[in-house]
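These are the residues of each chain, in order.
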Amino acid sequence: MTSVFEQTFHAMEQDPGVVLFTVLQWIPQRSSLKRLYTSHPAEYPVGGEKTVEISPGWLGTVIEDKKPFLAPDLEALRNVFSDSGLIQQLGCGAVINVPVLDQQENVVGVLALLDAEGKYTQHSVETAVDVVNSNLAKLVQAFEAHPTEIPEVPEAPAKDTI
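Here's a quick rundown of the structure.

Rules used in this analysis
All chains use their own residue numbering, which begins from 1 and follows the written sequence. Residue-level local features of this predicted model are given only where pLDDT is at least 70; pairs of side-chain atoms are given and counted only at 80 or more, and the full residue set underlies all totals for whole chains, interfaces and linings. For side-chain calculations, the full set of non-hydrogen atoms in the structure is used, while hydrogens and water are omitted. By convention, a stacked pair of Phe, Tyr or Trp rings (six-membered ring in the case of Trp) has centres within 6.5 Å and planes under 30 degrees apart, an edge-to-face pair has planes over 60 apart, and any other such pair is tilted. A run of H or I in DSSP becomes a helix once it reaches four residues, and a run of E becomes a strand once it reaches two; helices and strands are each numbered from the N terminus. Per-residue accessibility, obtained with a 1.4 Å probe over protein chains only, is compared with the maximum for each type, and a residue is labelled buried under 20%, exposed over 50%, and partly exposed between these values. At least two bridges found by DSSP between two strands is the condition for calling them paired. Every residue pair with non-hydrogen atoms within 4.5 Å of one another is taken to be in contact. Here an axis means a line fitted to C-alpha atoms, over the contact stretch when the element is a helix, while the angle between two N-to-C directions is reported on a 0 to 180 degree scale. Pairs of N or O atoms within 3.5 Å make up the polar contacts considered here, provided that, within protein, one atom can donate a hydrogen while the other can accept it, and that residues adjacent in sequence are counted only when both atoms are side-chain atoms.

**Thoughts on the packing of aromatic side chains**
No. 1: Under the definition given, this model contains five aromatic pairs.
No. 2: Measuring from centroid to centroid gives 6.3 Å for F9 and Y37, while their planes differ by 50 degrees, and the two rings are tilted. Of this pair, F9 sits in helix 1 (residues 2–14) while Y37 sits in strand 2 (residues 32–38), and the two are 28 residues apart along the sequence. Y37 carries the same exposure label as F9, and that label is buried.
No. 3: An aromatic cluster is defined as three or more aromatic residues linked by ring pairs; in this entry it consists of F5, F9, F21, Y37 and F143.

What follows is the structure in structure tokens.
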């Protein structure tokens, strides 16, 4: 599973370029994103989840509209991500997020590419989408290998109130 994420990371390094790369699984039951792969495990560990800090505008674009998101500069990045300070410390000031869709057109995950401010353009977004599309079946399979359903805990029997 990790190998397809790693291959995608290396392809993205070539073009459009990437300093920080993370693979996030969309968990609709919790409206959260769980990190499955990262190029920077110390700062962004695998297994970490983003929930409250996801901005509604970002959710609308990437999850609801199923479209890539581009924040080409620090100002745009700050408007969306609460961890923009850490992102900036890593030398990044621009982000591309590409949703990964399964055959039913459901978002199963999101790839996050970050690089220096001003580095990404609409052409960079198109290139990133092309990389995702060329690896789509393997990416979807890798996301699906990580179950998102939370096992149901049987309810405790109701107490007698008599």
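That was the structure; now back to the text.
**Things to note about the sheet that holds strand 5 (residues 94–101)**
No. 1: Taken together, the six strands give an open sheet; going across it, the order is 3-2-1-6-5-4, and neighbouring strands pair in antiparallel fashion. Looking at strand neighbours, the two that pair on one side only are strand 3 (49–50) and strand 4 (69–71), the edges of this open sheet.
No. 2: Looking at chain direction, strand 1 (residues 20–27) and strand 2 are connected through six bridges and run antiparallel. Looking at strand 2, one finds that Q25 is bridged to K34.
No. 3: With respect to the sheet, helix 5 (residues 122–134) is in contact with strand 4, strand 5 and strand 6 (107–115), its orientation differing from that of strand 5 by roughly 35 degrees.

**Some remarks on the environment of N135**
No. 1: Tracing the sequence through the fold places N135 in the loop between helix 5 and helix 6 (136–144).
No. 2: A relative accessible area of 18% places N135 in the buried class.
No. 3: As a C-alpha pair, N135 and Q7 span 128 residues in sequence and 9.0 Å in three-dimensional space.
No. 4: Among the polar contacts made by the side chain of N135, one reaches the main-chain carbonyl oxygen of V131 at a distance of 3.0 Å.

**Comments concerning unusual backbone geometry**
Glycine aside, a negative phi is what most residues show, and trans is what most peptide bonds show.
No. 1: Looking along the chain, the bond that leaves D15 and enters P16 is cis, with omega of 20 degrees.
No. 2: Mapped onto the secondary structure, P16 falls in the loop between helix 1 and strand 1.
No. 3: With a phi close to 60 degrees, K66 is a non-glycine residue in the positive phi region.
No. 4: Relative to the elements of secondary structure, K66 occurs in the loop between helix 2 (56–64) and strand 4.
No. 5: Positive phi outside glycine occurs at E105, with the angle close to 65 degrees.
No. 6: Mapping E105 onto the fold places it in the loop between strand 5 and strand 6.
No. 7: On the basis of relative accessible area, E105 is assigned to the partly exposed category, the value being 46%.

**Focus on the environment of I96**
No. 1: Here I96 shows up in strand 5.
No. 2: For I96, a relative accessible area of 0% gives the class buried.
No. 3: Taking the C-alpha atoms as reference, I96 lies 9.9 Å from V110; in sequence the two are 14 residues apart.
No. 4: Residues contacting I96, with those up to four places away along its chain left out, are F69, L70, L111, A112, L113, Y120, S124, V125 and A128.

By themselves, these are just geometric observations and shouldn't be taken as functional.
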